[in-house]
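Coordinate inspection notes
Below are the chains, spelled out letter by letter.
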Amino acid sequence: MSRPHPASARRPLAVALLALTLPFVAAVGSAGAAGSDPAPVVSGRAYVQGADPAPVLSGCPAGSTVRGLRVTSTSRDYSPLATAIAPLCADAAGRLSDPPVSSEPAVVTEDLPCPTGSALTGIHGNVGVVVDRVGPVCTAPGGQPTYGPMSTTTGGDTLVAALCPAPARVATTTVTHLAFADVDAITSVSLGCRVPTILAKLTGGTVQVGPRARLTTTTGAPVVGRKVRFTSARLGAACTATTDARGVAACPLTIALGPVRATFAGDDTYEPASASS
């Protein structure tokens, strides 16, 4: 049976960049306090906290999105065992990332994508001593989670599932391993969840005005104490300001008169956001 992950992991929240009606003003929205709930996790009976000194963290590169799960398995003289579980990534054009290349015929990679329009919001599967089979849990906007096909790996006597709290979706997986039947079998898979970002363009103006931005999450709560950077490509100027109790960052310099871009780089808790006039 699955057990709670012992390590505390902050759950990233989304940020939304909203437009204000002032000249060269960005509104960057925030939602409540940072979460500190344990990460959603599935684990086998062999899982022991700290037994794997080097858990494998996997995510998608900047500019790409998570489209499902990628499962790698290895077999010798027995049924295949899952040895890697990672997000399946797609670029801006929707092309899936190339699978890893292995010269060993016993190593097989399976892509388990979510349906078009759905996001990966969790994992489900079978566990026993180790994590034997997994499949994606996918959710369409406004819909209910659906449980997709599982990998062709076999075994496991207990059904398990781990879901991101709505409306979050999976951003990363962290996998722990244990030497088992001559391979590094998986003992646990924990999920890094993030709420999707909503962006709007900056408003423009015709007079020099120090730019302002309000950083919020999608629920509208302010994100406090984060740095927002403003840049003007035409003037080659830049300014960085910290959000106040309302989530507002105010640049003291008049770098405007032309297109201005506001950027929040993101951190372990909040997704990045940006907007341009």
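Note that the structure is predicted; figures quoted are calculated from it, not measured. (Residues numbered from 1 in each chain as written. Predicted model: local features only at pLDDT ≥ 70, side-chain atom pairs only at ≥ 80, totals over all residues. Heavy atoms only, no water.)

Section: the overall build of the chain
- A count of helical and extended segments in the chain gives 0 helices and 20 strands.
- With 277 residues in all, the chain has 44% of them scored as buried.
- Put simply, 66% of the contacts in the chain that link residues at least 6 apart link residues at least 24 apart.
- In the form shown here, the chain has an accessible surface area of approximately 13100 Å², with 58% of it arising from carbon and sulfur atoms. (Helix = DSSP H or I, 4+ residues; strand = E, 2+ residues; numbered from the N terminus. Buried < 20%, exposed > 50% of the residue type's maximum accessible area, 1.4 Å probe, protein only. Contact = heavy atoms within 4.5 Å. Areas by Shrake-Rupley, 256 points an atom, 1.4 Å probe, with all protein chains shown as cover.)

Here's the deal with the pattern of salt bridges
- Tallied over the entire structure, the rule returns 4 salt bridges.
- Its salt-bridge partner being Asp-111, residue Arg-70 comes within 2.7 Å of it at the nearest N-O pair. Placement of the pair is Arg-70 in strand E5 (residues 65-74) and Asp-111 in strand E7 (residues 107-113), with a sequence separation of 41 residues.
- Taking the relative accessible area as the measure of exposure, Arg-70 reaches 9% and is therefore buried.
- With a shortest N-O distance of 3.0 Å, Asp-91 and Arg-95 are connected by a salt bridge. (Salt bridge = Lys/Arg side-chain N within 4 Å of Asp/Glu carboxyl O.)

Topic: the state of the cysteines
- Going through the model one piece at a time under the given rule, you end up with 3 disulfides.
- Covalent S-S linkage joins Cys-60 and Cys-89, the inter-sulfur distance amounting to 2.0 Å. Across the S-S bond linking Cys-60 and Cys-89, the dihedral sits near -95 degrees, which makes this disulfide left-handed. Of the two residues, Cys-60 sits in the loop between strand E4 (56-59) and E5 while Cys-89 sits in strand E6 (residues 81-90), which places them 29 residues apart along the sequence.
- Bridging Cys-114 to Cys-138, the disulfide has an S-S length of 2.1 Å. Judged by the sign of its S-S torsion, about -80 degrees, the cystine formed by Cys-114 and Cys-138 is left-handed. Pair noted here: Cys-114 is in the loop between E7 and strand E8 (119-127) and Cys-138 is in strand E9 (residues 131-139), with a separation of 24 residues, a long-range link.
- Overall, Cys-138 belongs to the buried group, its relative accessible area being 2%. (Disulfide = S-S within 2.5 Å.)

Digging into the sheet that holds strand E13 (residues 183-194)
- Here 4 strands make up an open sheet; going across it, the order is E3-E13-E12-E4 and the pairing antiparallel. Each edge of the open sheet carries a strand with a single partner, namely strand E3 (41-43) and E4. Neighbouring strand axes in the sheet, compared pairwise and without regard to direction, differ in orientation by 20 degrees on average.
- Sheet analysis places E4 next to strand E12 (residues 169-180), joined by 4 bridges and oriented antiparallel. By the bridge assignment, Gly-59 is partnered in E12 with Thr-172. (Pairing = 2+ DSSP bridges. Axes fitted to C-alpha atoms, helices over the stretch in contact; angles between N-to-C directions.)

Notes on the nonpolar core
- The biggest cluster of nonpolar side chains holds 25 residues, and the ones touching the most others in it are Ile-85, Ile-123, Ile-186, Val-189 and Leu-191.
- Counting residues per element, the ones that place at least two in this core are E5, E6, E8, E9, strand E11 (158-163), E12 and E13.
- Residue contacts for Val-189: discarding those within four places in its chain leaves Pro-40, Val-41, Val-42, Ile-85, Ile-123, Thr-173, Thr-174 and Val-175.
- Counting residues in hydrophobic clusters, the runner-up holds 8 residues, among them Ala-213, Val-228, Ala-249 and Cys-251. (Core = buried A, V, L, I, M, F, W, Y, C linked by side-chain atoms within 4.5 Å.)

Describing the confidence of the model for the chain
- Mean pLDDT for the chain: 77, with 74% of residues reaching 70 or above.
- Confidence, read as mean pLDDT per element, is least for strand E2 (residues 26-29) in the chain (30) and greatest for strand E10 (residues 146-147) (97).
- Here residues 1-36 is modelled with pLDDT under 50, and outside its nearest four sequence neighbours on either side it reaches 160 contacts, counting other chains as well.
- For residues 203-207, every residue scores under 50 in pLDDT, and the model assigns this stretch 15 contacts once sequence neighbours within four places are set aside. (pLDDT = per-residue confidence, 0-100.)

Looking at the pairing of strand E19 (residues 260-264)
- Side-chain alternation along E19 places Val-260, Ala-262 and Phe-264 on a buried face and Arg-261 and Thr-263 on a face that remains uncovered.
- Inspection of the sheet shows strand E16 (residues 227-232) paired to E19 by 4 bridges, in the antiparallel sense. From the neighbouring strand, Ser-232 faces E19, where its bridge partner is Val-260.
- Taken together, the 4 bridges between E19 and strand E20 (residues 273-276) define a ladder with antiparallel strand orientation. When the bridges of E20 are listed, Thr-263 appears paired with Ser-274.

Things to note about the side chain of Thr-121
- With respect to the secondary-structure elements, Thr-121 resides in strand E8.
- Reaching out from Thr-121, the side chain makes a polar contact with the side chain of Thr-139 at a distance of 2.8 Å.
- In contact with Thr-121, not counting residues within four places along its chain, are Val-137, Cys-138, Thr-139, Leu-163, Cys-164, Ala-168, Arg-169 and Val-170. (Polar contact = N/O pair within 3.5 Å; in protein donor to acceptor, adjacent residues only side chain to side chain.)

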